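Observations on chain architecture
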Amino acid sequence: MIASVSGTVAALAPDSAVVEVGGIGMAIQCTPDTLSGLRVGEQARLATSLVVREDSLTLYGFADDDERQTFALLQTASGVGPRLAQAMLAVHQPDALRRAVATGDEKALTAVPGIGKKGAQKLLLELKDRLGAPRGATQAARPAAASGPAPWSEQLHTALVGLGYAPREADDAVQAVTPQAEAALAEGGRPAVPQLLRAALQSLNRAR
């Protein structure tokens, strides 16, 4: 198992990063939140999990070991593969997931694309004794990277489509959070894609 990868960030995409390790560029699938903490040309360390399939080897990357461990624990529930586990971590940080399971919060789980009410109920039962108790207050979102491969709107749109939403739904969600992004720009900052993603998912969940 490849437990971590350290090296120079060579490239960033809305759903992955390429990290150079010993002259080899390793493609790593990451959530928008994890990607937001990376900068092209700078050193980075990602906790990783290698998923082996008959026809593929896919490396998933995380900001810390807690995310990686949660990623593995989520997959112990029936019907949860690496893509759905990553989608859950794209919407909720590990402690938020632990809190949702501990309190039986169906709504928090159904906010994840691909999880309906029955699926959420099943996951709450299966994960109750696996994720453990919340460890404290939910961590603040990591700041957005100072440079990125695409404007915030394109990154957000691609992330939503990658989570399973139709392009038209993604367009509507991007439009819904545009005022929030424009406010950040007006203050001289950069729109933080992880916060925008959570706001977009909330707007999509309300529209159901």
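Heads up: the structure comes first, above all this text.
Residues numbered from 1 in each chain as written. Predicted model: local features only at pLDDT ≥ 70, side-chain atom pairs only at ≥ 80, totals over all residues. Heavy atoms only, no water.

Our next topic: the overall build of the chain. The helix and strand tally for the chain stands at nine helices and five strands. Going from N to C terminus, the chain has its helices and strands arranged as β-β-β-α-β-β-α-α-α-α-α-α-α-α. Residue burial in the chain is summarised as follows: out of 208 residues, 45% are buried. Long-range pairs, those at least 24 residues apart, make up 59% of the contacts in the chain with a sequence separation of at least 6. (Helix = DSSP H or I, 4+ residues; strand = E, 2+ residues; numbered from the N terminus. Buried < 20%, exposed > 50% of the residue type's maximum accessible area, 1.4 Å probe, protein only. Contact = heavy atoms within 4.5 Å.)

Let's shift gears to the pairing of strand E1 (residues 4–13). Along a regular strand, successive side chains alternate from one face of the sheet to the other. Judged from the five bridges that link them, E1 and strand E4 (residues 43–53) form a sheet pairing that is antiparallel. Across the sheet, residue Thr8 finds its bridge partner in E4, namely Gln43. Two elements, E1 and strand E2 (residues 16–21), share five bridges in a ladder whose sense is antiparallel. Residue pairing in the sheet places Val9 in a bridge with Val19 of E2. Counted between consecutive antiparallel strands, the loop separating E1 from E2 contains two residues. (Pairing = 2+ DSSP bridges.)

What follows is about the packing of aromatic side chains. Inspection of the entire model under this criterion finds two aromatic pairs. Here the aromatic rings of Tyr60 and Phe71 are separated by 5.2 Å at their centres, their planes lie at 35°, and the arrangement is tilted. With Tyr60 in strand E5 (residues 56–62) and Phe71 in helix H2 (residues 65–74), this residue pair connects regions lying eleven residues apart in the sequence. Overall, the relative accessible area of 4% leaves Tyr60 in the buried class. On the accessibility criterion, Phe71 (0% relative accessible area) is buried. Pairing Phe62 with Phe71 gives two aromatic rings, centres 4.8 Å apart and planes at 50°, and the pair type is tilted. (Phe/Tyr/Trp six-rings, centres within 6.5 Å; stacked < 30°, edge-to-face > 60°.)

Right, let's get into the pattern of salt bridges. Inspection of the entire model under this criterion finds six salt bridges. Members of the salt-bridge network, linked through shared partners, are Asp66, Asp95, Arg98 and Arg99. (Salt bridge = Lys/Arg side-chain N within 4 Å of Asp/Glu carboxyl O.)

Our focus in this paragraph is the packing of H2 against helix H3 (residues 82–91). Packing of H2 against H3 brings their axes to within 9 Å, and their N-to-C directions diverge by 130°. The angle between H2 and H3 falls in the class oblique. Relative to H3, H2 is oriented so that their crossing is right-handed. Of the residues in H3, those touching H2 at Glu67, Thr70, Phe71 and Leu74 are Pro82, Ala85, Gln86, Met88 and Leu89. (Axes fitted to C-alpha atoms, helices over the stretch in contact; angles between N-to-C directions. Parallel < 35°, antiparallel > 145°, perpendicular 65-115°, else oblique. Left-handed = near helix turned anticlockwise from the far one by under 90°.)

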